[in-house]
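What follows is the residue order along each chain.
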Amino acid sequence: MGETNGRRSRAAIFLLVFGCAAFQAGIATAGDLQEVRKSGVLRHIGIPYANFVTGDGDGMDVELMQKFARSLGVRYQYVKSGWENVVENLTGSTTKGAGDADETVVKTPAKGDLIANGYTILPWRQKVMEFSQPTFPSQIWLVARADAKIRPIKPSGQIDRDIQQVKALLGGRKVLAMKKTCLDPDLYNLQATGADVICSKGALNELAPAIINGEAEMTILDVPDALIAMVKWPGKIKIIGPISHRQEMGVAFPKDSPELREAFDKFLRKCRQNGSYDRIVKKYYPTAFAFFPDFFKK
Amino acid sequence: MKSVQNLLRLWSKIGAISIGLGLVGAIVYLVFAQYRSQVALQKTAMKQVTYDSERRASTLGYFFSEQRDYLTDLAECSELTGYFENKALGMSMEYGLQASVLIVTERFDHVRQTKKLGGLPIYQRIAFIDASGRLLSDSRAPGKNWSEEHNRPIFASGKSAGPAILCDREDGELRLVISTPRFFKGRYVGRLLGWVSFEDIYRHFIEWKSESSRFPDVIVFENKYLHIPPTAKRLLPAGSASLPADIRPGVPYPFRLQGRNSFENVAYAILVPVKDSSFALMTFIPPTEQFDFRSPRQLLYTTGGLALFIIVGSFLLVRLNTRNALLKGHLEETLVREHAVDQKNRELAAEIAVRQAAENSLQKERDFIQSLFETAQVIMLVLDNQGQIERFNPFLEEISGHQLDEVRGRDWFSVFLPQEEAERRRQDFQATINNYTARYTIYSIVTRDGQRLEIEWQEKTLLDARGRLVGLLSIGQDITERSQAEAHIRKLSHGIENSATAVLITDLSGRIEYVNAKFTDVTGFSSEEAIGRNPRILQSELTPLSVFSDLWTTILNGDVWRGELQNRRKNGEVYWSYASISPLRDDQGEITHFIGNLEDINDRKNAETTIEKLAYYDPLTGLPNRRLLQDRLLLAMKRSHRQGSSVALLYLDLDRFKTINDSLGHHAGDLLLLQMAQRFMGLLRNDDIVCRLGGDEFAIILHDIARNEFAAQVAEKLIAVAGAPVVINEAEVVVTVSIGIALYPKDADDGEVLAKHADIALYQAKAEGKNTYRFYADEQNEAFHDRLGIEGALRHALSSGELALHYQPKVCLTRKKTIGVEALLRWNSAKYGAMSPLSFIQLAEETRLIIPIGEWVLRTACLQQVQWLQQGLDLDIAVNLSAVQFNHPSLIEVIAAIIAETGIRPERLELELTESALVGNPESAAKILVQLRKLGVGIAIDDFGTGYSSLSYLKTFPVNVLKIDRSFVMDLAHNAGDRAIARSIVDLAGNLGMKTVAEGVETVEQSDILTEIGCDYLQGFLYAKPVPAAELPALVEEIIDNFRKPGELAAAPSGTFLTCGEKNLRRENTIFAS
């Protein structure tokens, strides 16, 4: 009787709560498709970031990976990581350096099978990992506190000229950035602008609050994160202009997991065809379709 | 008469006229009454129509007001505010502002889709026009033909004016537009417009009325234009798009209809304005329902004429009166109905309002449920009462791959369930349906691609409004992962609970949350006692604090710590455990708990300690053994190397220990070793090391030897303490010790070589008389190697025929004949030449080569005796038996076999044993002797009087002969003591029924004395030296001949010339021959 009541209670709860918890287990090495199927678990390495991985157990990439795991017939497992060691957690190698000058120095156990958290496809990352077909578009913007003296640029209609305009404004100003991420100042040659670049040790999600709290006047942000910040803190920040050309995000795989990557690309194509990908994007980035119409058109 | 008749006629006329006038008056009255009645009826009908129209106009007015307010609020939404704030910050449309616009449009889209009336969206379009009339944000209903926006009047209209209800004509379609201004920081920034179709207005507010009346209301806009709905177009004449100029609100206005006969071609219209707008409703009263608003007057005229006609036909008066009565009744009834209709209208209005509210609420519910149905991350499934699929939500489509359109109407169980489960689940479904119940269940479904998903279902029967069963609603959650996880957890839990090792789980602060059964077994703490407490309850305080420090550092870093801990059980007992402690992490990777596995390794540790002790320590003395000596020696050498000092390695061997061990027993030997060990240790410095190498061998490491003399001094002290008497079993025993000393680094820089050199030095000390010490010298090494060479040669001596037996006669003076011979071993080595028995017999014993050699000696001697016997030479033959042979377990079998093999008569064989071979373990020796005696052989005790003779044992030994040692015989002529001993031995033997043989008789004096004291037989060079077997018969003859010659006894027989070397050899033979 108690058992029945317990089950009924559970049933009542799941009617109210949509979603389910995934069981986590121990981790040893990254694996290609066969190893993933054999182990019965897909280990998704993620870092809480924007609405890709919210840190509350959901997010666009979390749902996408859960769906991918289900399509493979395996259990889903989330592996929390950080920007400092995310590549190491995937490849089993510690990399050192910045920009495009990385070198492998230490071998360590891999903790997951793929990285997905709005992970920008950058040249240095492509040297040590393989990327899926793009999953989301992006760009890097310069964002300032609303009361900052710096004024947004007037768009010229040419991206290169707009970038020049923005960089010309940076001299002598404090700008937040973050190493090892898509906001790595070396990727955009920020030092050459004369900006006082401050590399944050926190999370990417903390950059916008940091400028609002006065820790710096400006920060660079990627577009998805900037859009979230505009909604979260209306009137507190302003977009100055672009720092980079258009970028794309994707899912990263170890170099020795070609079958897993192919399986994901196939899965992604299917999701985009049957509309389930659009449903997930719309849930977490409702404006993305209008903002990036060329990327999302079928 | 005539006048009467005239009068009568007159009265008749007067009467008729009166009647006629009365009738006319009555008719007039009745007509007037009917006129009044009709006027009242007209007023009632008008009131009802006007009331209905006003109510609709009021509802429409309320709708306008509500939507104005709603759009005014929407214009103030945070999204628009955000846009204007961002714009004010100077953000460009390309970089940021566009996102704000998209966010605004997203909001408008949401409103357009969700703001509904009667289940349908109210707004076809919501847009924001900026202050310059440009379209900023626009949400449009799909499927509508929206013209290109360019200079639309509606965009320019209003400007900063207040909210307004306007009309917008686009692509020929007229729409109602609700417009509201937006101000930002006090400045007009644009207008929000919401488009509503007239169709929807008619549908929601007008058409429900027109269904019954066939005459719908017409909406008047901008106070002058008629919007004629399609349903009214067929009635109203073409061109009637404008409101008649003379129409007045509330006043019936005749309106000529299209295509009707003259009787029905006019309808009256009532105009009712919509409050606070330029709109009005025009309601039509159809001909069939209207009272002709001109008829009362016409009726008055016509009925007046008719009255005359009625006068003529007065008979109709009654009927007229009757009709009047009926009309009056009808009028009253109409009044009542008017009142009732009025009341009902009020009730209806109230009910409509309630229904409207209910409908709105219901619609919200429907919208919510629809939204829930479409977005829920659980399965929602509706089956009809036959189990066929009616609908399910997109989530099931997503996880199953089945599209609803493809499977709608198909059997749920056939399509979605595994074949083997379908029938059973169908029966369950039928039972649920039949019993009108709700139930909880779990069963699996199969996806389109064959994957099986386990689903947790909550099912409930669906009933329609009349309570009839229409199907089943199922809510399902995919628990495939959870089930797998639960199964996994169950396995893990079972594994942990039944683990062979103790398991405990603590929270981050170390508070115990779980222990398994093995934990209780090992520690004695029950789970109730352990949970909530800290693992410190197990601490023994014997584990170093640094271990715990390392443990916490490791596990807080997220790594696994493994190591050995000394814990304490509940009963206080300390035990060893091997602990493996690892952190547990949650989904976010944060450490939440620690799990510890504690393996009880107490037995193993004890065993290790025991094994270590056995492996490295001597169990008798507790001193380090040979293995540990090597380690300690290496350490000492390293230390010495660092300090530039020397190390002395001393090898000690107790002299005569073997004799003591043999004569007093092993226990006494052990006590002696213990005493020696204690004496040695008492003499040395703390860091010097004493080891027992085995048997009676010890080794000592002396550290930091500054000078060699120090080692010599220590050796002298060791010799001194060893030589002090030891009391064992109430007997005083004296032993000496020989010591060999090797020095590091002088003699060797390698531990093994150093040990070998110490051993060589020891050998040298022993060779040089024992009870002394010797330093290692290179020449000793050569001697040692010589010994090794001899040992190697001896191993091959037997097989290569280098061994031989010589025989020395024993004579009986009284019988004047040779009664027997003693077999003596000789080795003529091909490599070393003739070897002294002294040089190889002991070696043979030490290497136990004496066993095969002794067997060969015995066999050869027996064969020889038999051979001599066959030659007519009847001699007893004595063979020496070493202690090693005597204690060999197969001794009896070997001798019996040789006797049988050679055919010797056992009584002719005599085995000579030394005292030391017998007294070590008298009981055992007695048993062996008894067995030998049973074989029939004789037993002689060799060298009698030199050992620790025990007379009490002697009487129990079945001994035949005592051989008086040559040391007593040698000085017999000059030493009264020796003579007394010899005599005592002879007397003792005589008393015990034994014979005596004197060894080493070399002179006539010795012979005479021995004869005089009664010794039975004599053996020595005086009579014959040992000779090869072939020479013996002649020698025996010669001895007999000598006996036959009177006075020749003192003369040595031929071939018995004694040299000094032979004397020694003779003595050695006696000592070592075996």
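Our subject is the structure that appears above.
Residues numbered from 1 in each chain as written. Chains lettered and ligands numbered in written order. Predicted model: local features only at pLDDT ≥ 70, side-chain atom pairs only at ≥ 80, totals over all residues. Heavy atoms only, no water.

J.: Mind showing me how you'd approach the overall build of chain B here?
T.: On a plain count of helices and strands, chain B comes out with 35 helices and 39 strands. Here chain B holds 1074 residues, and 47% of them are scored as buried. Across chain B, every contact between residues at least 6 apart in sequence was considered, and the portion connecting residues at least 24 apart equals 58%. Looking at chain B as shown, the accessible area adds up to about 53000 Å², and 53% of this sits on carbon and sulfur atoms. (Helix = DSSP H or I, 4+ residues; strand = E, 2+ residues; numbered from the N terminus. Buried < 20%, exposed > 50% of the residue type's maximum accessible area, 1.4 Å probe, protein only. Contact = heavy atoms within 4.5 Å. Areas by Shrake-Rupley, 256 points an atom, 1.4 Å probe, with all protein chains shown as cover.)

J.: What exactly am I supposed to notice about the packing of helix α2 (residues 78–88) of chain B against helix α3 (residues 97–114) of chain B here?
T.: When two helices pack together, their arrangement is given by the angle between the helix axes and the distance between those axes. Residue and element names in this part refer to chain B. Here α2 crosses α3 at 165 degrees, and the two axes come no closer than 8 Å. In this view, α2 runs roughly antiparallel relative to α3, as classed from their interaxial angle. For α2 against α3, the interelement crossing comes out left-handed. Facing E79, L80, G82, Y83, N86 and K87 of α2, the residues of α3 in contact are L97, S100, V101, I103, V104, R107 and F108. Looking at the contact of α2 with α3 residue by residue, the class counts come to seven nonpolar, three polar and three charged. (Axes fitted to C-alpha atoms, helices over the stretch in contact; angles between N-to-C directions. Parallel < 35°, antiparallel > 145°, perpendicular 65-115°, else oblique. Left-handed = near helix turned anticlockwise from the far one by under 90°. Nonpolar A, V, L, I, M, F, W, Y, C, P; charged D, E, K, R; others polar.)

J.: Help me understand the sheet that holds strand β18 (residues 502–507) of chain B, please; the structure alone is not making it clear to me.
T.: Strand pairs in the sheet, formed through backbone hydrogen bonds, run parallel or antiparallel to each other. Residues and elements named next belong to chain B. Pairing within the open sheet is antiparallel, and its five strands lie in the order β19-β18-β22-β21-β20. The open sheet is flanked by β19 (512–515) and β20 (561–568), the only strands paired with a single partner. Ignoring strand direction, the axes of neighbouring strands in this sheet form an average angle of 30 degrees. Note: strand β21 (residues 574–585) against strand β22 (residues 591–600), nine bridges, orientation antiparallel. From the neighbouring strand, S582 faces β22, where its bridge partner is I595. Running at roughly 130 degrees to β21, helix α17 (residues 602–616) makes contact with β20, β21 and β22 of the sheet. (Pairing = 2+ DSSP bridges.)

J.: Please clarify how unusual backbone geometry should be interpreted in this entry.
T.: A negative phi angle characterises most non-glycine residues, just as the trans form characterises most peptide bonds. Residue and element names in this part refer to chain B. In this structure, P745 follows Y744 across a cis peptide bond, with omega equal to 5 degrees. Within the secondary structure, P745 is located in the loop between β28 (736–744) and α22 (751–767). In this structure, D276 is a non-glycine residue whose phi angle is positive, near 55 degrees. Within the secondary structure, D276 is located in the loop between β11 (266–273) and β12 (280–285). For D704, which is not glycine, the phi dihedral falls at a positive 50 degrees. Topologically, D704 is positioned in strand β25 (residues 697–705).

J.: Just to check I follow, could you spell out the packing of helix α25 (residues 850–871) of chain B against helix α27 (residues 891–902) of chain B for this structure?
T.: Residue and element names in this part refer to chain B. Between α25 and α27, the shortest axis-to-axis distance is 9 Å and the interhelical angle comes to 30 degrees. With respect to α27, the element α25 is oriented roughly parallel. Between α25 and α27 lies a crossing whose hand is right-handed. Every residue of α27 that contacts α25 at E855, L858, R859, C862, L863 and V866 is listed here: V894, I895, I898, E901 and T902. A breakdown of the residues in the contact of α25 with α27 according to their chemical character gives seven nonpolar, one polar and three charged.

J.: Please clarify how the packing of aromatic side chains should be interpreted in this entry.
T.: Think of a pair of aromatic rings as described by two things: how far the centres are apart, and how the planes are tilted against each other in angle. One pass over the structure, following the stated rule, counts 38 aromatic pairs over all chains. Ring geometry for F136 of chain A versus Y285 of chain A: centroids 4.9 Å apart, planes at 50 degrees, classification tilted. Of this pair, F136 of chain A sits in strand β7 (residues 136–138) while Y285 of chain A sits in the loop between α10 (276–284) and α11 (288–291), and the two are 149 residues apart along the sequence. Summarising the burial analysis for this pair, F136 of chain A and Y285 of chain A share the class buried. Taking 5.9 Å as the distance between ring centres and 45 degrees as the angle between the ring planes, the aromatic pair formed by F264 of chain A and F267 of chain A counts as tilted. Residue F264 of chain A and its partner F267 of chain A are both found in helix α9 (residues 258–274); the two are separated by three residues, about one turn of the helix. Each member of the pair, F264 of chain A as well as F267 of chain A, carries the same accessibility label: buried. We note R391 of chain B situated over the ring of F373 of chain B; from NZ or CZ to the ring centre the distance is 4.3 Å. (Phe/Tyr/Trp six-rings, centres within 6.5 Å; stacked < 30°, edge-to-face > 60°. Lys NZ or Arg CZ within 6 Å of the ring centre and 35° of its normal.)

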